[in-house]
Amino acid sequence: MTEPRFKYFSQQNAGLNQNKSNARRIYFAIIAFISIATFGMIFFYANLIPLHVDEAGYWFNFTHKTLANRNLPNAQIPNHTLTIYGAKLSLKLFGHNGIGYRFPVILFSLLSAGAMYVLARRFLQSNFKASLATGLLLLNPWFLHYAHELRGYPSYLFFVLISFILLERIFKKGDSLVLWGLLLGVFIGAYYSSMGSVVFI
């Protein structure tokens, strides 16, 4: 009597484990699909949509000539500096098209998704939860909109996430000159992602 019962429960456990394994595969397949679809859409719309008035008229044509424009009266200061000046390089690589102008923003969007996974993995100690956090970021309308627009928000998000990762390392490992140096570099990156400009050096 005992042996058939044991065999029955063993089969049940094996079935449950198989179901969990299948569910896990389906879950990660969905996350992979979300990731591929999101970045495919970002590249597609970045190339499809012409630069609008903010991107072309102000962010690029004003900010990328900061020194020349430093004495012009303007209600706003140069902005989104890092990605604007990054576009100078990407335009040479990809040409004068949507990808050429917006590649720095796309790149920082990709890096932000990776940084989100690393940060969530460190705090939550779970690949499942870290991938869920990354998947939710990739479905966020705000993230999707600014991931293909020539502004500094994706780079700013990236540096903020990296700063949390570095702070976590500092709290766990104690003071380290290398970590503090990296944190300073991240601060400079975040500054030049938002309101920073060469005119303020």
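Keep in mind the model is a prediction, meaning the values are calculated, not measured. (Residues numbered from 1 in each chain as written. Predicted model: local features only at pLDDT ≥ 70, side-chain atom pairs only at ≥ 80, totals over all residues. Heavy atoms only, no water.)

Observations regarding the overall build of the protein
Here is step 1: Looking only at helices and strands, the protein features nine helices and zero strands.
Here is step 2: Listing each helix as α and each strand as β along the protein from the N terminus yields α-α-α-α-α-α-α-α-α.
Here is step 3: Out of the 201 residues belonging to the protein, those deemed buried represent 37%.
Here is step 4: The contacts in the protein between residues at least 6 apart in sequence include a share of 67% that link residues at least 24 apart.
Here is step 5: With an accessible surface of roughly 12200 Å², the protein has 68% of that area assigned to carbon and sulfur atoms. (Helix = DSSP H or I, 4+ residues; strand = E, 2+ residues; numbered from the N terminus. Buried < 20%, exposed > 50% of the residue type's maximum accessible area, 1.4 Å probe, protein only. Contact = heavy atoms within 4.5 Å. Areas by Shrake-Rupley, 256 points an atom, 1.4 Å probe, with all protein chains shown as cover.)

A few points about the packing of helix α4 (residues 81-94) against helix α5 (residues 98-124)
Here is step 1: Taken N-terminus to C-terminus, the directions of α4 and α5 make an angle of 125°; their axes are 7 Å apart at the nearest point. Overall, the two elements α4 and α5 adopt an arrangement that is oblique. In this structure, α4 meets α5 at a crossing whose hand is right-handed. Between α4, through L82, T83, G86, A87, S90, L91 and F94, and α5, the contact on the second element is made entirely by I99, G100, Y101, F103, P104, V105 and F108. (Axes fitted to C-alpha atoms, helices over the stretch in contact; angles between N-to-C directions. Parallel < 35°, antiparallel > 145°, perpendicular 65-115°, else oblique. Left-handed = near helix turned anticlockwise from the far one by under 90°.)

Brief notes about the confidence of the model for the protein
Here is step 1: Confidence in the prediction for the protein averages 82 pLDDT; 81% of positions are at 70 or higher.
Here is step 2: Per-element averaging of pLDDT across the protein places helix α3 (residues 66-69) at the bottom with 69 and α5 at the top with 92. (pLDDT = per-residue confidence, 0-100.)

Details of the pattern of salt bridges
Here is step 1: The tally for this structure, following the rule as stated, stands at three salt bridges.
Here is step 2: When the shortest N-O distance is used, the salt bridge between R122 and E168 registers 3.5 Å. Of the two residues, R122 sits in helix α5 while E168 sits in helix α8 (residues 153-173), which places them 46 residues apart along the sequence.
Here is step 3: Taking relative accessible area as the criterion, R122 reaches 29% and is therefore assigned partly exposed.
Here is step 4: The class of E168 is buried, set by a relative accessible area of 7%.
Here is step 5: Notably, a salt bridge pairs E168 with K172, separated by 3.0 Å at the nearest N-O pair. Of this pair, E168 and K172 both sit in helix α8, separated by four residues, roughly a single helical turn.
Here is step 6: Taking the relative accessible area as the measure of exposure, K172 reaches 62% and is therefore exposed. (Salt bridge = Lys/Arg side-chain N within 4 Å of Asp/Glu carboxyl O.)

Here we look at unusual backbone geometry
Here is step 1: Of note, the phi angle at Q125 is positive, near 55°, even though the residue is not glycine.
Here is step 2: By secondary structure assignment, the location of Q125 is in the loop between α5 and α6 (127-138).
Here is step 3: Q125 sits in the exposed class, given a relative accessible area of 53%.

Overview of the environment of S163
Here is step 1: Checked against the element boundaries, S163 lands in helix α8.
Here is step 2: Spatially, the C-alpha atoms of S163 and F187 are 7.8 Å apart, while their sequence positions differ by 24 residues.
Here is step 3: If near-sequence neighbours (up to four positions away) are discounted, S163 is found in contact with L183 and V186.

Section: the nonpolar core
Here is step 1: Ranked by size, the top nonpolar core spans 26 residues in total, and within it L138, F159 and L161 carry the most contacts.
Here is step 2: Among the elements of the structure, α1 (2-48), α5, α6, α8 and α9 (177-193) are those that each provide at least two residues to this core.
Here is step 3: Every residue in contact with L138, bar those within four places of it in the chain, is listed here: I34, S35, T38, F39, A113, F143 and L144.
Here is step 4: Core analysis: the second largest hydrophobic core is formed by eight residues, F60, I84, L91 and Y101 among them. (Core = buried A, V, L, I, M, F, W, Y, C linked by side-chain atoms within 4.5 Å.)

Here's the deal with α6
Here is step 1: Over its twelve residues, α6 runs 16 Å from end to end, which matches the ideal 16 Å to within 8%, given 1.5 Å per residue.
Here is step 2: If you check which residues of α6 are buried, you get A130, S131, T134, G135, L137 and L138. Projected down its long axis, α6 shows its buried positions confined to an angular sector of 160°, all on one face. (Expected span 1.5 Å × (residues − 1). Arc of directions from axis to C-beta.)

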